[in-house]
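# Coordinate inspection notes
Each chain is listed here by its residues.
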Amino acid sequence: MTSAERTPDAPQGPCVIVDPYSSGALFAPTLADHGVPVVAVVTGPRPPEAYASSYQPQDFPEIIVYEGDLEAVAERLRALDPRCVVAGCESGVELAERLAPLVTPERCNVPGLAAARRDKSSMAAAVAAAGLPVIPQICTADADEVAAWLEREGLAGADLVVKPPKSASTDGVIKLAGGEDWRTVFARQLGRVNQFGEVDDRLLVQKFVTGTEYVIDTFSHDGKHAVVDVCAYRKVDNGPHMAVYDTMRWLPPDDPALPGLTEYVFGVLDAVGLRFGSAHVEVMGTAEGPLLIELGARPHGGGQPRFNRNATGDSQIDRTVRWLTGGELPQSYELLVHQMCVFHIAPRSGTVRGTAALDGVRDLPSHHFSIQNLSDGDHVPATRDLVDSLNFGFVILAHPDAEQIQRDYEAVRAAERLLSIEEQRSTPPLS
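Note that the structure is predicted; figures quoted are calculated from it, not measured.

Criteria and cut-off values
- Residues numbered from 1 in each chain as written.
- Predicted model: local features only at pLDDT ≥ 70, side-chain atom pairs only at ≥ 80, totals over all residues.
- Heavy atoms only, no water.
- Buried < 20%, exposed > 50% of the residue type's maximum accessible area, 1.4 Å probe, protein only.
- Helix = DSSP H or I, 4+ residues; strand = E, 2+ residues; numbered from the N terminus.
- Pairing = 2+ DSSP bridges.
- 1 Å grid on protein atoms, 1.4 Å probe; cavity = no way out; pocket = protein on both sides within 12 Å on 5 of 7 lines; lining within 4 Å.
- Points joined across faces, edges and corners; volume = space filled by probe spheres on them.
- Nonpolar A, V, L, I, M, F, W, Y, C, P; charged D, E, K, R; others polar.
- Phe/Tyr/Trp six-rings, centres within 6.5 Å; stacked < 30°, edge-to-face > 60°.
- Axes fitted to C-alpha atoms, helices over the stretch in contact; angles between N-to-C directions.
- Contact = heavy atoms within 4.5 Å.
- Core = buried A, V, L, I, M, F, W, Y, C linked by side-chain atoms within 4.5 Å.
- Salt bridge = Lys/Arg side-chain N within 4 Å of Asp/Glu carboxyl O.
- pLDDT = per-residue confidence, 0-100.
- Polar contact = N/O pair within 3.5 Å; in protein donor to acceptor, adjacent residues only side chain to side chain.
- Arc of directions from axis to C-beta.
- Parallel < 35°, antiparallel > 145°, perpendicular 65-115°, else oblique.
- Left-handed = near helix turned anticlockwise from the far one by under 90°.

## What about the pairing of strand β5 (residues 84-87)?
Across the two faces of β5 the burial is the same, with Cys84 and Val86 and Val85 and Ala87 all buried. The pairing of strand β2 (residues 15-18) with β5 spans four bridges and is classified as parallel. In the strand pairing of β5, Val18 is matched with Ala87.

## Looking at empty space enclosed by the protein
In this structure the tally under the stated criterion is three cavities of 30 Å³ or more. The computed volume of the largest cavity comes to approximately 180 Å³. In terms of lining, the largest cavity is formed by 19 residues, of which the most central are Val85, Val86, Ala87, Asn109 and Phe276. Elements with a minimum of two residues in the lining of the largest cavity: β5, α3 (93-103) and β13 (277-286). If you tally residues by element for the lining of the largest cavity, the top one is α3, at four residues. Across the lining of the largest cavity, the residue classes break down as twelve nonpolar, four polar and three charged.

## Some words on the packing of aromatic side chains
Tallied over the full model, the rule gives nine aromatic pairs. Ring centres of Tyr21 and Tyr51 lie 6.2 Å apart, and the angle between their planes is 35°; this geometry places the pair in the tilted category. Of this pair, Tyr21 sits in the loop between β2 and α1 (27-33) while Tyr51 is found in the loop between β3 (38-42) and β4 (63-65), placing the two residues 30 residues apart along the sequence. Across the pair, exposure class does not vary: Tyr21 and Tyr51 are buried alike.

## What about the sheet that holds strand β6 (residues 137-140)?
Backbone-to-backbone hydrogen bonds pair the strands of a sheet. The strands run either parallel or antiparallel. The antiparallel open sheet is built from four strands, whose spatial order is β6-β9-β7-β8. Strands with a single pairing partner mark the edges of an open sheet, and in this sheet they are β6 and β8 (174-176). This sheet shows a mean twist of 20° between the axes of neighbouring strands, independent of strand direction. Sheet strands in contact with helix α5 (residues 143-153) are β6, β7 (160-163) and β9 (203-207), and its direction is about 165° off that of β6. Helix-sheet contacts for helix α6 (residues 182-189) involve β6, β7, β8 and β9, and the interaxial angle to β8 is about 165°.

## What about the sheet that holds strand β21 (residues 420-422)?
With antiparallel pairing, the three strands of this open sheet are ordered in space as β19-β17-β21. Here the strands that pair on one side only, and so sit at the sheet edges, are β19 (379-380) and β21. With two bridges joining them, strand β17 (residues 350-353) and β19 adopt antiparallel strand pairing. Along β19, the bridge assignment pairs Thr351 with His379.

## With respect to the nonpolar core
Residues Val41, Leu77 and Leu99 are the most contacted members of the largest nonpolar core, which totals 46 residues. Element by element, the count of residues in this core is highest for helix α7 (residues 258-271), at seven residues. Once residues lying within four places of it in the same chain are set aside, the contact partners of Val41 are Val16, Ile17, Val18, Asp19, Pro20, Ile64, Val73, Leu77, Leu95 and Leu99. If you look at the next biggest cluster of nonpolar residues, it comprises 20 residues, including Val36, Ala40, Phe276 and Ile317.

## Topic: the pattern of salt bridges
Side-chain pairs of opposite charge can arise whenever the charged atoms involved come near each other. Applying the stated criterion across every chain, the model contains 20 salt bridges. Where Arg76 meets Glu62, a salt bridge forms, and the shortest distance between an N and an O atom there is 2.9 Å. Here Arg76 is found in helix α2 (residues 70-79), whereas its partner Glu62 is found in the loop between β3 and β4, with 14 residues between them in sequence. A residue is classified by how much of its surface remains accessible, and Glu62, at 23% relative accessible area, is partly exposed. Across the pair Arg117 and Glu97 runs a salt bridge, and its minimum N-O distance is 2.9 Å. Remark: Glu97 occurs in helix α3 and Arg117 occurs in the loop between α3 and α4 (120-129); sequence separation between them is 20 residues. Considered together, Arg117 and Glu97 belong to a single accessibility category, that of buried residues. Through salt bridges with shared partners, a single network forms among Glu90, Glu94, Arg118, Lys166 and Arg298.

## Describing the confidence of the model for the protein chain
Chain-level statistics for the protein chain give a pLDDT mean of 91 and a share of 92% at 70 or above. Per-residue pLDDT stays below 50 along residues 426-431; that stretch engages in zero contacts with residues further than four places along the chain or on separate chains.

## Here's the deal with helix α9 (residues 316-325)
Of all ten residues in α9, eight are buried; the element is thus mostly enclosed. Along α9, the positions that sit buried rather than exposed are Gln316, Ile317, Asp318, Arg319, Thr320, Val321, Trp323 and Leu324. Two to three positions downstream of the cap, the backbone nitrogen of Ile317 sits 3.2 Å from a side-chain oxygen, assigning the N-cap of α9 to Ser315. Immediately downstream of α9, the backbone of Gly326 shows phi near 90°, a positive value.

## A short note on helix α8 (residues 304-312)
The complete set of buried residues in α8 reads Gln304, Pro305, Phe307, Asn308, Ala311 and Thr312. An end-on view of α8 places all buried positions within 160° of arc, on one side of the element. With its phi angle positive at about 80°, Gly313 sits one or two positions after the end of α8.

## A look at the packing of α2 against α3
Running from amino to carboxyl end, α2 crosses α3 at an angle of 50°, the nearest separation of the two axes being 10 Å. Our classification of the angle between α2 and α3 gives oblique. Note on packing geometry: the crossing formed by α2 with α3 is right-handed. Residues Leu70, Val73, Ala74, Leu77 and Arg78 of α2 lie in contact with α3, whose contacting residues are Leu95, Arg98, Leu99, Leu102 and Val103. Grouping the constituent residues of the contact of α2 with α3 by class yields eight nonpolar, no polar and two charged.

Below, the structure is given as structure tokens:
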């Protein structure tokens, strides 16, 4: 492959962003900087609560609300001769996948594999069908079917993970040590309404696998894939909650793990039929090799492209825009500075005091960006998942010296330990 590729001439209409929330909100201003008009299609009159603060409706001269009539939306979009239809975030993936073949058939993913780019069960099935290894799992609404599968796979008494086949941000992900009480958890989670307002009418039950968790962000065009960045996650247990993010560290392109990861991820992208646009692929690097955790057919969320620009000078947003406007695209990336995201963690729920202890975070030598969403007297929930982490806040540390970042990471955790979180006690009823 060449070190860079240039896009052919493209239509001159707008770029359509479906649910321009989270990192998808970054498309409009970046496209505007390059003179590209935008149109928003939204999957409901209001964004999901987890994404509401990121929505910038003023960036869009036209906002089309999908109300169940797919052809009506497609007809309006065809009249605009758009350059592409892309998902801004996870809640927009399914509608974007349905619209793109109708509106921009030359720039869409394989329609027959659309479910494999959203439903984690279909995703794993497609990857396994392509001959790639996947995590042992079952997706069902029937607890007896799970029990038979556990027996058949020799997983009775093994560590398990229960999670929805849809949703994102570790919403509803539960680890069961030794598979303890899995039937109770399964019954409780089945029928739950997730952060997108969807009912979890089936659940995935997986073998719990260990190793280093990576995220590989890519951009694809015409079925050709390129890596935009690779990060390594570190997660910790917070009481009973498993997928609690501690850090996310950007890796250099010459990290010895990358060749094997890249080969596997490109195979995953082919298996699920991803041919155009961004993908966010989470993989567990195990002793036996990489295993897919899940894939999102959209940019890395949480505003990560802004921070990726600082670390690499590039992002999935920027590559999309360059491809649409005739720019050159590299096949890999450079790491310009060591960078780490530190996610704040609340060890328990309660009323927080002493939040001034976090003020010094902004004075750390490697501080690049931070958000702390707490004031004295606020109620903070125990951190259970990524949504909780982002609601609490996070810190981006960037510096030429990796050891300085480690020292500043320890300083962030020391500042957190100075917080007082008073557990709320129930008040006895008046006699």
